[in-house]
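Structure at a glance
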Amino acid sequence: MSVVDDLSRFERAKHKRRTWESVWQEIFDYTMPARDGLREFSPGTRRDDLIFDETAVVGVQEFASRMLAGMVPDNMRWIRLAPTPAVARRMEDKDFSFLQGQLDEVNAEVFQYLQSSNFQAEAYESFLDLSLGTGNLTCWEGSATQPLRFQSVPTHEVYLDEGPFGNVDTQMRLRKVDPSMVKIIWPAGKMTKNVSEKLGKMAGGSMNPMDSNKIDIIEIVSRDWDRPEEEVYLYKVIDKEEKVYIFEEEFIGIGSNPWISFRWSKGSGEIYGRGPAFNAMSAIKTCNLTIQLILENAEMSIAGIWQTDDDSVINSDNIRLVPGTVIPRGVDSTGLQPLAPGGDFNVADLVLKDQRHNINRALYNETLGRREGTPISATEVAERMAELSRQVGSAHGRLQKEMVFPVYKRAVYLLRDQGRIEIPTLNGQDIELQAVSPLVRAQRNEDIAQHVNYAQMLGQLFGGAAIQNMLNPQKFAEKLAYWYEIDNDLLTDPEEQANNVQNMMEIAGGASQAGIDPISAAQTLLP
């Protein structure tokens, strides 16, 4: 494609996004007034003129924090590397344990780099945009000390396009860049005439202070479907004014795309997502209007509404209702008379309570009620996370696919390309990513509880011997260890397990012959 074709595609994407912009700006005005929306503001300008109730402003920030803690928490591994089930079935237990140990070591290194990067700060910013429906992150190669460099791309700079299978396969960004930064951002880029002229004017001091010294840059990352058998992305940087390429590059491989665009939910045929703030806007506007009316009613109650006869003695324009004021009136005049306000806002508290509850529910900030009283226990934390997992439902699965896995794949791609990690080979077989975030753990706890309850029910109905007869203790324990993500180094290997069983049987047999309780004797082997 030529630069003209790319610019035409950008204009089409810009036209498709235009229908969303009025809704997005309204959400920004009521929930994130300080964040850059779709209108241009001078730095330091107040943008909270429409805010009379802060429930939505605080609620969106709490929603972003909750998603961060539930999906990609800091100081916790939220992805696990493991052989695929097909590979695991063909491997011996000893080889599988050794391989899983290697993958766990690689995983620990990846998260060490992720946690030392700026991922958490930028992910929080992108989750704020997710409340509208769509978040956008980029991950580029960083420095020697910080190999991963993340950036949350604001909504007003991003234009998306879908591929042939309904997935986002093209991200376009319109950004303003200082000419002196062009060579720093793209060291191998071409210095265009437009960039050179502005640099010359800046150096010579001939640029008009009222003119912007920044240039409009269009970045495009798109999937190359001419090679469908592999992941290939074309990265292009265009000087919009001069209509020439500044830089071009080709990315090949899983995780090579530096862009991660993720959506909360989407309607059929739509490109951009619809977030929780969409559902809460009616309640948000109702709360703000109610508070505004309450304040207007309070002003009328404090200052009062007055009437007076027009007797040419009292001039209402000169009356100031302040303490100590003496207002003259005629002998036969009634003077100023207060009027009772026509509205009664005693019902306002009921309206606000309901609407604020609806806002917090829409933003998933009231799982199991509000936290009050003593600090919550670990069990309550697990229950709240389980409730949140059930509420977010399908959105959780979409975020796993569009955000969590791509972030990890991108980190692995860059770290492996830099020679910082090495993935163990499996003779061409596959390694899969397993999500182990708190929300996933909350879902898994139901599986654990179901199996444990089954074992307990067997014991209650048929006695402890039935558990040993119906269940394989070794396999049951290994399954629980897998679900609880216990380090394989802490588990005995199959050979050690066989030796322990043999020793226990020998001691139990000898104890039986000596007239000693076999169970007590066997327990002496246990730590």
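Attention here is on the structure that accompanies the text.

What counts, and at which threshold
Residues numbered from 1 in each chain as written. Predicted model: local features only at pLDDT ≥ 70, side-chain atom pairs only at ≥ 80, totals over all residues. Heavy atoms only, no water. Helix = DSSP H or I, 4+ residues; strand = E, 2+ residues; numbered from the N terminus. Buried < 20%, exposed > 50% of the residue type's maximum accessible area, 1.4 Å probe, protein only. Contact = heavy atoms within 4.5 Å. Areas by Shrake-Rupley, 256 points an atom, 1.4 Å probe, with all protein chains shown as cover. Polar contact = N/O pair within 3.5 Å; in protein donor to acceptor, adjacent residues only side chain to side chain. Phe/Tyr/Trp six-rings, centres within 6.5 Å; stacked < 30°, edge-to-face > 60°. Lys NZ or Arg CZ within 6 Å of the ring centre and 35° of its normal. Expected span 1.5 Å × (residues − 1). Arc of directions from axis to C-beta. Salt bridge = Lys/Arg side-chain N within 4 Å of Asp/Glu carboxyl O. Pairing = 2+ DSSP bridges.

Now for the overall build of the protein. A count of helices and strands for the protein gives 16 helices and 12 strands. The buried share among the 527 residues of the protein stands at 41%. In the protein, the share of contacts with a sequence separation of at least 24, taken over all contacts with a separation of at least 6, comes to 68%. Of the roughly 29700 Å² of accessible surface on the protein, 52% is carried by carbon and sulfur atoms.

Attention now goes to the side chain of aspartate 53. Checked against the element boundaries, aspartate 53 lands in the loop between α1 (3–31) and α2 (55–71). Taking the relative accessible area as the measure of exposure, aspartate 53 reaches 2% and is therefore buried. A polar contact is formed between the side chain of aspartate 53 and the side chain of threonine 55, at a distance of 2.6 Å. If near-sequence neighbours (up to four positions away) are discounted, aspartate 53 is found in contact with Cys287, Asn288, Ile291 and Arg356.

It is worth spelling out the packing of aromatic side chains at this point. Within a pair of aromatic rings, the relevant descriptors are the distance that separates the centres and the angle that separates the planes. Throughout the structure, instances matching the rule amount to 17 aromatic pairs. Plain terms: the ring middles of tryptophan 140 and tyrosine 235 are 5.3 Å apart, the flat faces sit at 55° to each other, and that makes the pair tilted. Here tyrosine 235 lies in strand β7 (residues 232–239) and tryptophan 140 lies in strand β2 (residues 134–141), a separation of 95 residues in the sequence. Exposure remark for tryptophan 140: the relative accessible area of 17% places this residue in the buried category. Here tyrosine 235 falls in the buried class, since its relative accessible area comes to 3%. Each residue in the set Trp78, Phe111, Phe119, Phe150 and Tyr408 is aromatic and connected to the rest through ring pairs, giving one cluster. It is arginine 17 that lies over the ring of tyrosine 159; its NZ or CZ is 4.0 Å from the centre. The lysine or arginine in question, arginine 223, covers the ring of tryptophan 225, its NZ or CZ lying 4.3 Å from the ring centre.

A few words now on helix α9 (residues 348–362). Compared with an ideal rise of 1.5 Å per residue, which puts 15 residues at 21 Å, α9 spans 21 Å between its outermost C-alpha atoms and is within 8% of the ideal. Turning to α9, its buried residues are Ala348, Leu352, Gln355, Ile359, Asn360 and Ala362. All buried residues of α9 lie within an arc of 160° about the axis, which places them on one face of the element. Residues of α9 that are exposed and point more than 90 degrees away from the buried face comprise Asp349, Leu350, Lys353 and Arg361. At the exit of α9 stands tyrosine 364, carrying a positive phi of roughly 60°.

Take the pattern of salt bridges next. By the definition in use, this model includes 20 salt bridges. Salt-bridge contacts for glutamate 26 lead to lysine 285; the nearest nitrogen and oxygen are separated by 2.8 Å. Here glutamate 26, found in helix α1, pairs with lysine 285, found in helix α8 (residues 276–303); they are 259 residues apart in sequence, far enough to count as distant. Classification of lysine 285 by relative accessible area gives partly exposed; the value is 36%. Here arginine 227 makes a salt bridge to glutamate 250, at a shortest N to O gap of 2.4 Å.

Right, let's talk about the pairing of β7 for a bit. Counting buried positions along β7 yields seven of eight residues, so the element is predominantly enclosed. Relative to β7, strand β6 (residues 215–223) runs antiparallel, the two being bridged by seven bridges. Its bridge partner being in β7, serine 222 is matched across the sheet by leucine 234. When β7 meets strand β8 (residues 244–252), the two strands line up antiparallel, connected through eight bridges. If you follow lysine 236 over to β8, its bridge partner there is glutamate 248. Once β7 ends, the chain turns through four residues before running back antiparallel as β8, passing lysine 243 with a positive phi of about 60°.

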